[in-house]
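Residue-level structural notes
Read off the chains here:
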Amino acid sequence: MIRKYLSIHLKVALEYKVSFILTILAQTLSMFLEIFAVEALFYKFSLLDIYNINQLILSYSVVWLGFSLAEMFSRGFDNFANLIIDGSFDLLLIKPRNIFLQIFGSDICYEKLGRVIFAFILVITNFIKVVESISILKIILLILMILSSFILFTSVFILCASFCFKTVQGLEVINIFTNGTRTLAQYPMDIYNKVIRIIFTLVIPITFINYYPIQYLNNTTNNIFYLLCPLAILIFLVISTLVFKAGIKHYYSTGS
């Protein structure tokens, strides 16, 4: 079923090949410029004396990779308001398929492929630069970081989609938790004040996918907590899923 969804959306994307390729290139260029801007700022203000630029780019690219994968495969939840407005969600509810799978399959954005590839290259190259002695545990941790980043942003999309059951239209303030989270990850977490660090540790646990794991990768600590902390994102996924299911129970279609 999943393969069928992927195949259908790929065929649609390739209907206009030139547009598809140009969009991928534009997405890649925009990410390259963001990385360039971050590096320029750190060189300009001599922050390299305090922070390791390779660790920062690894941290940022892990978040970017997860965000791009979520935008690519979880677009149905990101644009969930459209399903509510045009009545498509009502049709999904009466089909004998898992509702989450149907929403995932409703919109897959292959145009984000350029950002996914570029972010993946950044992750691998900076992982090699950061890790002095590569081991199986550290490779597993990197995989967990990437997966947990994807799960985190997918969970945020699911949680934000839950508001549409009450508001119908999507709320612009929700961008604080989607694009805002990605933007915040461009810089070291410890430059932010205590309130911001608490929010992005306990509310939206982004520190569990990059800040703490990287301390294990660069041998700052051998604490097992830093190795396993990406798994904490599963708790956030469960909460988001439960909130969305609660929203479905109180949904009576947009005509009510």
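Description of the structure in this document.

Conventions adopted
- Residues take numbers from 1 onward in each chain, read along the sequence in its written order.
- The model is predicted, so local features are restricted to residues of pLDDT at least 70 and side-chain atom pairs to those at 80 or more, both for listing and for counting; the totals for chains, interfaces and linings are taken over all residues.
- Here the side-chain values reflect all heavy atoms present in the structure, with hydrogen atoms and water set aside.
- The working definition used for a salt bridge is a side-chain nitrogen of Lys or Arg within 4 Å of a carboxyl oxygen of Asp or Glu.
- Working definition: with a 1.4 Å probe on protein chains only, accessible area under 20% of the residue-type maximum means buried, over 50% means exposed, and in between means partly exposed.
- Only DSSP runs of H or I covering at least 4 residues are called helices, and only runs of E covering at least 2 are called strands; the numbering of each starts at the N terminus.
- Pairing of aromatic rings covers Phe, Tyr and Trp, the last through its six-membered ring, and needs centres within 6.5 Å; plane angles under 30 degrees mean stacked, over 60 mean edge-to-face, and all others mean tilted.

What the rule picks out here adds up to 4 salt bridges. The shortest N-O distance in the salt bridge between R75 and E71 comes to 3.8 Å. With a relative accessible area of 9%, E71 lands in the buried category. The salt bridge partner of K112 is E71, with a shortest N-O separation of 3.6 Å. Residue K112 is located in the loop between α7 (99-106) and α8 (113-130), and its partner E71 is located in helix α3 (residues 53-73); the two are separated by 41 residues in the primary sequence. By the burial criterion, K112 is buried, and E71 matches it. Taken together, the shared-partner salt bridges in this structure form one network comprising E71, R75, D78, K112 and R115.

Turning to the packing of aromatic side chains, a few remarks are in order. Counted by the stated rule, this structure contains 22 aromatic pairs. When the centroid spacing of 6.2 Å and the interplanar angle of 75° are considered together, the rings of Y60 and W64 count as edge-to-face. Of this pair, Y60 and W64 both sit in helix α3, separated by 4 residues, roughly a single helical turn. Each member of the pair, Y60 as well as W64, is classed as buried. Both rings, one in F225 and one in Y226, keep their centres 5.4 Å apart while their planes meet at 80°; by these two values the pair is edge-to-face. Each residue in the set F77, F80, F89, F100, F104, F165, F244 and Y251 is aromatic and connected to the rest through ring pairs, giving one cluster.

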